[in-house]
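Structure at a glance
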Amino acid sequence: MTTPPIIEFRQVSKIYGQGEAAIRALDRVDLSISEREFVAIMGPSGSGKSTAMNILGCLDVPSAGDYLFQGIPTRGFNRSQLTLLRRHMLGFVFQGFNLLPRTSAVENVELPLIYRGMPGAERHRRAKEALALVGLSGREHHKTQELSGGQQQRVAIARAIVTQPSLLLADEPTGNLDTKTSIEIMDLMTRLNREQGITIVMVTHEPDIAAYAQRLLRFVDGKLEAETTKSGEAAHVL
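All of the points below concern the structure found in this document. (Residues numbered from 1 in each chain as written. Predicted model: local features only at pLDDT ≥ 70, side-chain atom pairs only at ≥ 80, totals over all residues. Heavy atoms only, no water.)

This brings us to the pattern of salt bridges. Applying the stated rule across the entire model yields twelve salt bridges. Across the pair Glu122 and Arg125 runs a salt bridge, and its minimum N-O distance is 2.6 Å. Of this pair, Glu122 and Arg125 are both found in helix α4 (residues 120-133), three residues apart, which corresponds to roughly one turn of the helix. Here Arg125 falls in the partly exposed class, since its relative accessible area comes to 39%. Linked through salt bridges whose partners overlap, the residues forming this network are Arg24, Asp27, Arg28 and Lys223. (Salt bridge = Lys/Arg side-chain N within 4 Å of Asp/Glu carboxyl O. Helix = DSSP H or I, 4+ residues; strand = E, 2+ residues; numbered from the N terminus. Buried < 20%, exposed > 50% of the residue type's maximum accessible area, 1.4 Å probe, protein only.)

This is the structure:
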């Protein structure tokens, strides 16, 4: 029996506004991403890539079409169900890190486990393990302001993976970092994908960052214009 894609768009459209003021942010997009893939999404401003990521992250819903997560259509999910899906199945990494400023690295990483109601000793152990995975053993009790930008992004990645999500969504994860640190972060994300089997979908505007992914999805004017595999071959052109 064939395993379904972890995420799939079937003719997904997203329209904001009505009448002549309506904006079609996504226009009948089909895509599928399998478990353990590392996929990059690129496109100019207004191309629909951010809208696609918001739907993938259950932060928005399609106006038409279906978004399937692990083969299950999410159409009809209420707000509570979408929240539970985000909390238990998804991890998020943002350009701005989004860490709590006056708390330690381990406390930041424990936060999603608090929302799950996990006992303190267990969540502390899991948080320390996640920080070790991203190379921050010994920095657990450093406050956010005591860490470099690259270290803060590592904390953010640890927070995203501490729940052992099925899917990691990264929105411009190197946007606030210098070139050397960006390479270190992308090497880390590649390792998490290959060694931990974490499925990653990443939005970036930088071709050299997108090159770390196994597959590139390029959006233009709300449509998925092309897919390119790691070898550079066009996998799909619309």
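Continuing now.
Time to look at the packing of aromatic side chains. In total, this model carries two aromatic pairs according to the counting rule given. A centroid spacing of 5.5 Å and a plane angle of 85° characterise the contact between Phe9 and Tyr67, whose relative ring orientation is edge-to-face. Here Phe9 is found in strand β1 (residues 7-16), whereas its partner Tyr67 is found in strand β4 (residues 64-69), with 58 residues between them in sequence. Residue Phe9 is classed as buried on the basis of its relative accessible area of 1%. When the centroid spacing of 6.1 Å and the interplanar angle of 5° are considered together, the rings of Phe92 and Phe94 count as stacked. (Phe/Tyr/Trp six-rings, centres within 6.5 Å; stacked < 30°, edge-to-face > 60°.)

On to the pairing of strand β9 (residues 215-220). Both strand β3 (residues 38-42) and β9 contribute to a ladder of four bridges, which runs parallel. Opposite Val39, over in β9, you have Arg215 as the bridge partner. In the sheet, β9 pairs with strand β10 (residues 223-229) via six bridges, with the strands oriented antiparallel. Within β10, the position partnered with Phe219 by the bridge is Leu224. Between β9 and β10, which pair antiparallel in sequence order, lie two residues; one of them, Asp221, sits at a positive phi of approximately 50°. (Pairing = 2+ DSSP bridges.)

Another aspect to go through is the packing of α4 against helix α5 (residues 149-161). Orientation of α4 relative to α5, taken along the N-to-C sense of each, is 130°, at an axis distance of 9 Å. Here α5 runs oblique to α4, going by the angle between their axes. Here α4 runs over α5; the crossing is right-handed. Here α4 contributes Ala130, Leu131 and Leu133 to the contact with α5, which in turn contributes Val155, Ala158 and Ile161. Of the residues in the contact of α4 with α5, the class split is six nonpolar, no polar and no charged. (Axes fitted to C-alpha atoms, helices over the stretch in contact; angles between N-to-C directions. Parallel < 35°, antiparallel > 145°, perpendicular 65-115°, else oblique. Left-handed = near helix turned anticlockwise from the far one by under 90°. Contact = heavy atoms within 4.5 Å. Nonpolar A, V, L, I, M, F, W, Y, C, P; charged D, E, K, R; others polar.)

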